[in-house]
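The residues making up each chain are set out below.
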Amino acid sequence: MSGIRNFRTFIEVVRHGSFAAASEHVCLTPAAVGLQIQALENELGFPLFDRVGRSVTLNRRGHAMLPMARQMVALYESMRAQDPEQQELAGTIRLATIATSMKVVVRALLAMRKSYPKLDVQPGISYSGDLIERIKEGTLDAALSVKSHHRSPAGVLWTRLYEEPFAFMCSAQAAREADMEQLLATRMFLRVSRSSTTGTLIDELMRSLHLKPREFIEMNSMRTIADLVKDDLGVTILPVPHSVDWENDPQLHVQRFDDPRASRVVGLFESESRTFLTSVLRQHLLAQQP
């Protein structure tokens, strides 16, 4: 079985974009980096990169392997940091979560307390715009948030948890009077703030589908937006969270998009330097997923 060092090297090649750049961070020559990647690919039975000259680009299988490799390295670091037979896990995890994921977090924390009574998790609700920066700065250890199209920065580990579809929403009364395009052209559009990752993803979806609202009001709280839509004060496009039941609300009309781009992915961001603690939280969050 390939050693942890090969997986570390694989992660560094992805992070820095070439064997040569990665070699400076794993204390190997570029040739040795290439040999480790080749050994890993031989054992897996498929290539992880497309190679053109000296350039390497992560391929489809490489993309699929990357989160698993990161989890293996993080789990190994956790094993090194703690001896479960000799030392009870203790410490503090500073955690932020988007509001719609708080129920998922609380369920995980209740399960964790039975096994790790000395592990203190301090959760708080925050918008998704600056959470990764706060992890990089060290003011947060982990965050449950929405994944953007950008690669996670160095030092930040990402684990996918679940996906939420985007949907057009209006009041039940409005849905009886006009279709989505007509309502967007005539009603106030209640927009999720574009300073958030979710707002940016919705904006990109609307541009790709050529949906142009007549006018809009921008705000941060999705629950507030949904309440305003129920009262027929506007229309919106929102993700449908696991923690709410908007689709069975008689006051709302919820119309999902038949488009593979129409969703957001929620997952856990962690500081790689704190995974000896946050890996426990990750395991309990993953255990909740179907």
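Bear in mind the structure is a predicted one, so any value in this text is a computation, not a measurement.

Asks: Which residues make up the domain arrangement of the chain, and what values do they have?
Replies: Taken domain by domain, the chain comprises domain 1 (2–81), domain 2 (91–162 + 265–287) and domain 3 (165–262). A separation of 28 Å is found between the C-alpha centroids of domain 2 and domain 3. Each partner contributes residues to the interface: domain 2 has 10 residues there, and domain 3 has 12 residues. At the boundary of domain 2 with domain 3, total buried surface from both sides reaches about 960 Å², with 63% on carbon and sulfur atoms. At the junction of domain 2 and domain 3, the tally comes to 0 salt bridges. If you look at where domain 2 meets domain 3, you find 1 residue pair in polar contact (both at pLDDT 80 or more). When its residues are assigned to classes, the side of domain 2 that touches domain 3 shows 3 nonpolar, 5 polar and 2 charged.

Asks: Outline the environment of Leu-281, supporting the account with residue identities and numerical values.
Replies: Inspection of the secondary structure puts Leu-281 in helix 11 (residues 275–287). According to the relative accessible area criterion, Leu-281 is buried, its value standing at 0%. Each C-alpha atom, one on Leu-281 and one on Ile-93, is 9.0 Å from the other, the two residues being 188 residues apart in sequence. Not counting chain neighbours up to four residues away, the residues in contact with Leu-281 comprise Leu-95, Ala-108, Leu-109, Met-112 and Leu-268.

Asks: Run through helix 9 (residues 197–208), naming residues and quoting values.
Replies: In this model, helix 9 (12 residues) spans 17 Å end to end at C-alpha, consistent with the 16 Å of a helix rising 1.5 Å per residue. Inspection of helix 9 places Thr-197, Thr-198, Gly-199, Leu-201, Ile-202, Asp-203, Leu-205 and Met-206 among the buried residues, and these make up the whole buried set. Looking at the packing, one finds that the buried side of helix 9 touches strand 5 (142–146), strand 6 (156–171), strand 7 (188–192), strand 9 (236–239) and strand 11 (263–271). Phi turns positive, to about 60 degrees, at His-210, one or two residues after helix 9.

Asks: Go over the side chain of Asn-59, please, and point to the residues and values.
Replies: Along the chain, Asn-59 falls in the loop between strand 2 (55–58) and helix 4 (60–81). One polar contact links the side chain of Asn-59 to the main-chain carbonyl oxygen of Pro-47, over a distance of 3.0 Å. Apart from the residues lying within four places of it in its own chain, the contact partners of Asn-59 are Pro-47, Leu-48, Phe-49 and Asp-50.

Cut-off values and rules
Residues numbered from 1 in each chain as written. Predicted model: local features only at pLDDT ≥ 70, side-chain atom pairs only at ≥ 80, totals over all residues. Heavy atoms only, no water. Domains from an automatic or database assignment. Contact = heavy atoms within 4.5 Å. Buried area = accessible area lost by both parts, 1.4 Å probe. Salt bridge = Lys/Arg side-chain N within 4 Å of Asp/Glu carboxyl O. Polar contact = N/O pair within 3.5 Å; in protein donor to acceptor, adjacent residues only side chain to side chain. Nonpolar A, V, L, I, M, F, W, Y, C, P; charged D, E, K, R; others polar. Helix = DSSP H or I, 4+ residues; strand = E, 2+ residues; numbered from the N terminus. Buried < 20%, exposed > 50% of the residue type's maximum accessible area, 1.4 Å probe, protein only. Expected span 1.5 Å × (residues − 1).

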